[in-house]
Amino acid sequence: MTGMSSSEGPQGPATARLPALVSASLGVLALLAALAAGHLVAGFISSNASPYLAVGNGAIDLTPVGLKDFAVRTFGTYDKLVLLLSMAVVMVLVSAAAGLASRRSAVPGAVVIGLFGVVGIVAVAARPDLSGVAVLAPVASLLAGVAVFLWLHGKLRASRVESSDGPSRRSVLFAGAGVVVGAGVAGAAGQALAGTRDAASSRANVGALVPARTAPAIPADADFAKLGTPPFLTPNKDFYRVDTALSVPQLRTEDWSLRVHGMVEDERTFSYADIRDRPLVERTITMTCVSNEVGGPYVSTANFVGVDLADLLTEAGVRPGAEQLFSTSVDGWTAGTPVAAALDRGRGAMLAIGMNGEPLPVEHGFPARLVVPGLYGYVSATKWVVDLEITTWAARRAYWLDRNWAEQAPIKTQSRIDFPKGFETVPAGKVRLGGIAWAQHTGIDRVEVRLDRGPWQEAMLSKEVNLDTWRMWWHELEVPQGTHQVFCRAVDKTGYVQTEDRAGTVPDGATGWHTLSFSAK
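Keep in mind the model is a prediction, meaning the values are calculated, not measured. (Residues numbered from 1 in each chain as written. Predicted model: local features only at pLDDT ≥ 70, side-chain atom pairs only at ≥ 80, totals over all residues. Heavy atoms only, no water.)

Draft legend 1. The overall build of the chain, seen in detail. Of the regular secondary structure elements, the chain holds 11 helices and 19 strands. Projected onto its principal axes, the C-alpha positions of the chain cover 100 × 70 × 40 Å. In the chain, once contacts between residues fewer than 6 apart in sequence are set aside, the share between residues at least 24 apart is 75%. Carbon together with sulfur atoms contributes 60% to the accessible area of the chain, which is approximately 22400 Å² in total. The centroid of the 46 positive side-chain charges in the chain is displaced by 7 Å from the centroid of its 47 negative side-chain charges. (Helix = DSSP H or I, 4+ residues; strand = E, 2+ residues; numbered from the N terminus. Contact = heavy atoms within 4.5 Å. Areas by Shrake-Rupley, 256 points an atom, 1.4 Å probe, with all protein chains shown as cover. Lys, Arg positive; Asp, Glu negative; His and termini not counted. Charge placed at Lys NZ, Arg CZ, Asp CG, Glu CD.)

As structure tokens, this is what we get:
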């Protein structure tokens, strides 16, 4: 027929369907623009205001305990990266599907991209660490995403009309490329803006932390690292990290303060300089995560530098009836520590600002964190801490208590086999076993090992540093050819023998003997 373009078809340009692949790409490009715009605006406010991160943090808070435990067990310190990548995949797929649904009309895609923005607004508004102005970031995401989708959709539909004065397909390609480049620039600018307030430069300016009371020197026989155990002190880069922070809080010393309030006689607020200028103490402490499975890796030891927590609380004047030290991180995470443990000078609870001879690493709580020996981290080790409220157990419930973890969480007596490795093949004859054991604030008395169903044999222990640190062990067994199982158990200084009974990490830490199989030839 004359007067009708072949590309227009019998339906006409207003109702013609767009190509599937091209239509799907519109949704993805709009998503990219939305995320970049939100990240750019967040750069002026706070990195946690970025809608992508806010939704991720919200997902962490809403994830069931069992699934969180599975993620930590399966992915270890990569659990947050897995979450972010999973979110990205889901968002791309949904955006592509929204684009496909918009082959005739832009409405479905615009609605879906808009809903992404609404979710971002809700996630940011729910963050306890963000002010009301932070919602500007997801609002920017919503507006940018919808606007880009409508613009590209209209431009592509217009390009389907083959007329001399209509935009060409080439112009649509240029528009799409422009969105990609613009999103990249906006995202990079947002990252750069966030970097102007990062904690790394502040940490670099702290300088040396010189304790007035140093920890006793670590004796040479405190570990059996030459045989295969970990070194006694865990390097900062290797120290385990388990927390709910999807992005590491960026808190500078000049912006940090610690408020002590609640059931106290005199509310106090301490600046970083207030803490730094006090006589500092250094203590060697082994920390353990409650998520550590039997034989797991989430146990490490460091020399922490800081001040006695008991001093800060005593200066504020703890009132009678106080039960809980309710600590809050700058990102809103909370923990509840028994006041008795925080005030116990024999336990040595600390507000730590240094770790292994340096200021705290940013990912381990810079500028300051709590360290309370003998308690699992979820009740004792708040990182990026900014608030301490003296209260009762009934008045305040911390983050993990609302997720069915226990109120009281003393670290359980445990031991681990580090060598030989599970399913390793070794020469028959004399086989050396080794590993670690811990019972913080109680101390390890001995470690025993057993081959198959044979008798328990006492292992050689490393030199004890203090009751709050791990001890290494090793032992040689005569092993015949074949496949074998080896078991270990620790006995602490109260005489308690590590139980064989297996229990998971919830609600107050795993129990059971560490067991592995290996072959001898």
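So much for the structure itself; the text now carries on.
Draft legend 2. How the structure looks around the layout of surface pockets. Here the largest pocket is characterised by a volume of approximately 790 Å³. As for the largest pocket, its lining consists of 41 residues, of which Val72, Asp79, Val242, Asp243 and Thr244 are closest to the centre. Elements that contribute at least two residues to the lining of the largest pocket include exactly helix 2 (51-62), helix 3 (65-75), helix 4 (79-100) and strand 3 (281-288). A per-element tally of the lining of the largest pocket places helix 3 first, with 8 residues. A class-by-class count of the residues in the lining of the largest pocket yields 23 nonpolar, 9 polar and 9 charged. (1 Å grid on protein atoms, 1.4 Å probe; cavity = no way out; pocket = protein on both sides within 12 Å on 5 of 7 lines; lining within 4 Å. Points joined across faces, edges and corners; volume = space filled by probe spheres on them. Nonpolar A, V, L, I, M, F, W, Y, C, P; charged D, E, K, R; others polar.)

Draft legend 3. Structural view of the packing of helix 4 against helix 5 (residues 107-125). Between helix 4 and helix 5, the shortest axis-to-axis distance is 8 Å and the interhelical angle comes to 155°. The angle between helix 4 and helix 5 places the two elements in the roughly antiparallel class. Here helix 4 contributes Met91, Val94, Ser95 and Ala98 to the contact with helix 5, which in turn contributes Pro108, Gly109, Val112, Ile113 and Phe116. Among the residues making up the contact of helix 4 with helix 5, the classes are represented as 7 nonpolar, 2 polar and no charged. (Axes fitted to C-alpha atoms, helices over the stretch in contact; angles between N-to-C directions. Parallel < 35°, antiparallel > 145°, perpendicular 65-115°, else oblique.)

Draft legend 4. Spotlight on the sheet that holds strand 17 (residues 471-479). The strand order 11-13-17-16 describes an open sheet built from 4 strands, whose pairing is antiparallel. Each of the sheet's edge strands pairs with one partner strand only, and the pair in question is strand 11 (414-419) and strand 16 (460-461). Direction of pairing for strand 13 (residues 429-438) relative to strand 17: antiparallel, over a ladder of 9 bridges. Across the sheet, residue Gly435 finds its bridge partner in strand 17, namely Trp473. (Pairing = 2+ DSSP bridges.)

Draft legend 5. A look at empty space enclosed by the protein. By the definition in use, this model includes 5 cavities of 30 Å³ or more. Thr288, Cys289, Val290, Asn292, Glu293, Val294, Gly295, Tyr376, Gln414, Trp438, Gly509 and Ala510 are the residues that line the largest cavity. Residue composition of the lining of the largest cavity, by class: 6 nonpolar, 5 polar and 1 charged. One number sums up the size of the second largest cavity: a volume of about 60 Å³. If you go around the second largest cavity, you meet 13 residues; those closest to its centre are Thr286, Met287, Val372, Leu375 and Ser380. Among the elements that line the lining of the second largest cavity, the one with the most residues is strand 3, at 4 residues.

Draft legend 6. Just the sheet that holds strand 1 (residues 257-262), in detail. Strand order in the open sheet formed by 5 strands is 2-1-10-5-6, with mixed pairing between adjacent strands. At either end of the open sheet lies a strand with only one pairing partner, and these are strand 2 (268-271) and strand 6 (334-338). Mean inter-strand twist for the sheet, computed between neighbouring axes without regard to direction, equals 20°. Pairing of strand 5 (residues 324-329) with strand 10 (residues 385-391) involves 6 bridges; the strand directions are antiparallel. When the sheet's bridge partners are listed, Gln324 is paired in strand 10 with Thr391.

Draft legend 7. Representation of the pairing of strand 3 within the structure. The buried fraction of strand 3 is high, at 8 of 8 residues. Along strand 3, one buried face is formed by Val281, Arg283, Ile285 and Met287 and the opposite face, lined by Glu282, Thr284, Thr286 and Thr288, is buried too. Here strand 3 runs beside strand 4 (residues 299-308); their pairing, made up of 8 bridges, is antiparallel. Looking across to strand 4, one finds that Ile285 is bridged to Ala302. (Buried < 20%, exposed > 50% of the residue type's maximum accessible area, 1.4 Å probe, protein only.)

Draft legend 8. Geometry of the state of the cysteines. Within the structure shown, the criterion is met by 0 disulfides. We note that Cys289 lacks a disulfide partner, and the nearest cysteine sulfur, in Cys488, lies 19 Å from it. When its relative accessible area of 0% is taken as the criterion, Cys488 is described as buried. (Disulfide = S-S within 2.5 Å.)

Draft legend 9. Structural detail: the environment of Ala349. With respect to the helices, strands and loops of the structure, Ala349 is situated in the loop between helix 11 (339-343) and strand 7 (350-355). Residue class for Ala349 comes out buried when judged on its relative accessible area of 3%. Measuring from C-alpha to C-alpha, the distance between Ala349 and Asp308 comes to 6.1 Å, with 41 residues separating the pair along the chain.

Draft legend 10. Representation of the environment of Leu343 within the structure. For Leu343, the location among the structural elements is in helix 11. Given a relative accessible area of 29%, Leu343 falls into the partly exposed group. Between the C-alpha atoms of Leu343 and Thr314, which are 29 residues apart in sequence, the distance is 8.0 Å.

Draft legend 11. Main features of a nonpolar patch on the surface. On the surface, Leu67, Phe70, Phe75, Tyr78, Leu81 and Leu85 cluster together to form a nonpolar patch covering roughly 620 Å² of accessible area. For the nonpolar patch, the secondary-structure elements that each account for two or more residues are helix 3 and helix 4. Position of Leu85 among the secondary structure elements: in helix 4. Its relative accessible area of 52% is what places Leu85 among the exposed residues. (Patch = residues over 30% accessible without salt bridge, like charges linked within 9 Å, V, L, I, M, F, W, Y side chains within 5 Å. Salt bridge = Lys/Arg side-chain N within 4 Å of Asp/Glu carboxyl O.)

Draft legend 12. Looking closely at the side chain of Thr253. Of note, Thr253 is situated in the loop between helix 8 (199-204) and strand 1. The exposure class of Thr253 is buried, given its relative accessible area of 17%.

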